[in-house]
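Structure assessment
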Amino acid sequence: MPQRILVTGGSGQLGREVVAQLVAAGERVRALSRRWRSGAGAEWIVGDLRTGRGLDVAVAGVDVIVHCATDFRHEGEVLQRLLEAARWGRQRPHLVYISIAGVDRVPLGYYRAKLAAERVLAGSGLPYTILRATQFHALVRTLLAVAARAPVVPVPRWRFQPVDVRDVAIRLAELARGEPQGRVADFGGPEVLSAADLARVVLAASGRDKRVVRVRWPGRLYRAYAEGGNLAPEHADGVRTFEQYLAERGNAATLRYR
Ligand SMILES: NC(=O)c1ccc[n+]([C@@H]2O[C@H](COP(=O)([O-])OP(=O)(O)OC[C@H]3O[C@@H](n4cnc5c(N)ncnc54)[C@H](OP(=O)(O)O)[C@@H]3O)[C@@H](O)[C@H]2O)c1
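The structure reproduced in this document is the subject of the present report. (Residues numbered from 1 in each chain as written. Predicted model: local features only at pLDDT ≥ 70, side-chain atom pairs only at ≥ 80, totals over all residues. Heavy atoms only, no water.)

**Some details on the packing of helix H1 (residues 13-24) against helix H6 (residues 165-177)**
- Between H1 and H6, the least distance of the axes is 8 Å, while the angle of their chain directions is 55 degrees. With respect to H6, the axis of H1 lies oblique. For the element pair H1 and H6, the recorded crossing hand is right-handed. Mapping the contact onto sequence places Gln13, Leu14, Glu17, Val18, Gln21 and Leu22 in H1 and Val165, Arg166, Val168, Ala169, Ile170, Leu172, Ala173, Ala176 and Arg177 in H6.
- Here the contact of H1 with H6 is composed, by residue class, of 10 nonpolar, two polar and three charged. (Axes fitted to C-alpha atoms, helices over the stretch in contact; angles between N-to-C directions. Helix = DSSP H or I, 4+ residues; strand = E, 2+ residues; numbered from the N terminus. Parallel < 35°, antiparallel > 145°, perpendicular 65-115°, else oblique. Left-handed = near helix turned anticlockwise from the far one by under 90°. Contact = heavy atoms within 4.5 Å. Nonpolar A, V, L, I, M, F, W, Y, C, P; charged D, E, K, R; others polar.)

**Structural notes on the side chain of Ser33**
- Examined against the element boundaries, Ser33 turns out to sit in strand E2 (residues 28-33).
- Looking at Ser33, the relative accessible area reads 6%, which means it is buried.
- A polar contact is formed between the side chain of Ser33 and the backbone nitrogen of Arg35, at a distance of 3.1 Å.
- Looking at Ser33, its side chain comes within polar contact range of the side chain of Arg37, at 2.8 Å. (Buried < 20%, exposed > 50% of the residue type's maximum accessible area, 1.4 Å probe, protein only. Polar contact = N/O pair within 3.5 Å; in protein donor to acceptor, adjacent residues only side chain to side chain.)

**What to know about helix H9 (residues 242-249)**
- Among the residues making up H9, those that are buried are Phe242, Tyr245 and Leu246. End-on view of H9: buried residues confined to an arc of 95 degrees, all on one side of the axis. In this structure, H9 carries Glu243, Ala247 and Glu248 as exposed residues pointing more than 90 degrees from its buried face.
- Summarising the contacts, the buried residues of H9 are in contact with helix H5 (137-147) and helix H7 (195-205).
- Just downstream of H9 lies Gly250, where phi reads positive at about 90 degrees. (Arc of directions from axis to C-beta.)

**Some points on the packing of aromatic side chains**
- Tallying each qualifying case throughout the model produces eight aromatic pairs.
- When the centroid spacing of 6.4 Å and the interplanar angle of 50 degrees are considered together, the rings of Phe160 and Tyr225 count as tilted. Note that Phe160 is positioned in strand E8 (residues 159-160) and Tyr225 in helix H8 (residues 220-226), a separation of 65 residues in sequence.
- Ring centres of Trp217 and Tyr222 lie 4.9 Å apart, and the angle between their planes is 65 degrees; on these two criteria the pair is classed as edge-to-face.
- With a relative accessible area of 41%, Trp217 lands in the partly exposed category.
- Members of the aromatic cluster, joined through ring pairs, are Trp158, Phe160, Trp217, Tyr222 and Tyr225. (Phe/Tyr/Trp six-rings, centres within 6.5 Å; stacked < 30°, edge-to-face > 60°.)

**Observations regarding unusual backbone geometry**
- Even without being glycine, Ala40 reaches a positive phi, approximately 65 degrees.
- For Ala40, the position within the fold is in the loop between E2 and strand E3 (43-46).

**Structural notes on the pattern of salt bridges**
- Throughout the structure, instances matching the rule amount to 14 salt bridges.
- Between Arg166 and Asp164 there is a salt bridge whose closest N-O contact spans 2.8 Å.
- Owing to a relative accessible area of 22%, Arg166 belongs among the partly exposed residues under this scheme.
- A salt bridge links Arg171 to Glu174; its shortest N-O distance comes to 2.4 Å. Of this pair, Arg171 and Glu174 both sit in helix H6, separated by three residues, roughly a single helical turn. (Salt bridge = Lys/Arg side-chain N within 4 Å of Asp/Glu carboxyl O.)

**Some details on the nonpolar core**
- Within the largest apolar cluster, 30 residues are counted, with the highest numbers of intra-cluster contacts made by Val155 and Phe242.
- Each residue touching Val155, except ones within four places of it in the same chain, is listed here: Leu144, Ala195, Ala196, Ala199, Val212, Val213, Arg214 and Val215.
- If you look at the next biggest cluster of nonpolar residues, it comprises 28 residues, including Val18, Ala42, Val96 and Leu172. (Core = buried A, V, L, I, M, F, W, Y, C linked by side-chain atoms within 4.5 Å.)

**Focus: the sheet that holds strand E1 (residues 4-8)**
- Ordered by their spatial adjacency, seven strands build an open sheet running E3-E2-E1-E4-E5-E6-E9, and the pairing between neighbours is parallel. Looking at which strands have only one partner, the edges of the open sheet turn out to be E3 and strand E9 (182-183).
- Of the pairings in the sheet, the one linking E1 to strand E4 (residues 64-67) comprises four bridges and is parallel in character. Directly across from Leu6, in E4, lies its bridge partner Ile65. (Pairing = 2+ DSSP bridges.)

By themselves, these figures tell us nothing about what the structure is for.
Structural data, given as structure tokens:
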């Protein structure tokens, strides 16, 4: 019997892959966006997780909510609204939340907000599952594309474990279709590479030849990354590598920001 599953952020880079996975698995998928949308085999609902507009319709009758929407500055507020809406209905939907590897180790405001959101969800009384993933390929590429504009490319002495959103989506869809598990093992990309090596991959993919210099700076944030706080090396579960991802985008697009 198919479940009715709501994907918040169904239009985002991860959310649309989750929608595709769930639709392919035969589930009845509803997707939330602030804009009117259609397609992808989902029933689209217009709603806003900050104002609460449309959320009653979005959550009505759903068995599972995969929360892929994110608001950089209001992550906690957005989750609270979703939880309030989820509690209105008669069902107690299983809430699946995507978080980030190292939210408890890296002192970034957004990470702190994600960690707080994890805790709010765990204390919500609703059945839940939390998956933390490492940095998506697109984010790592964007960071390096910015650095690659300089004549000499400065990179921190950090490592990344970029992961493909399609691999994360497969895991999230599997979790959404299963029983609530609380926090599960982190999900990381297939390779841990230094930022310098990743920068060279970006430069090579775009046909540029520049010198990459490794830099460091003081502070807790730098140190947390330098110590690998953003990694999950024991969970190198993703299969699509950063190089494969860049090859799919094509050379010309490699240095574009988005
Ligand atoms: N990027 C990474 O490296 C990384 C790594 C690990 C985990 N994650 C997590 O993965 C999740 C998805 O990230 P992403 O990069 O796929 O995000 P994204 O592409 O930026 O998409 C954000 C989504 O959130 C929706 N949204 C934003 N504000 C909303 C609001 N007020 N009401 C309703 N929907 C709203 C947007 O929908 P509309 O614009 O259509 O309304 C959009 O679909 C986030 O929780 C992020 O923390 C990211």
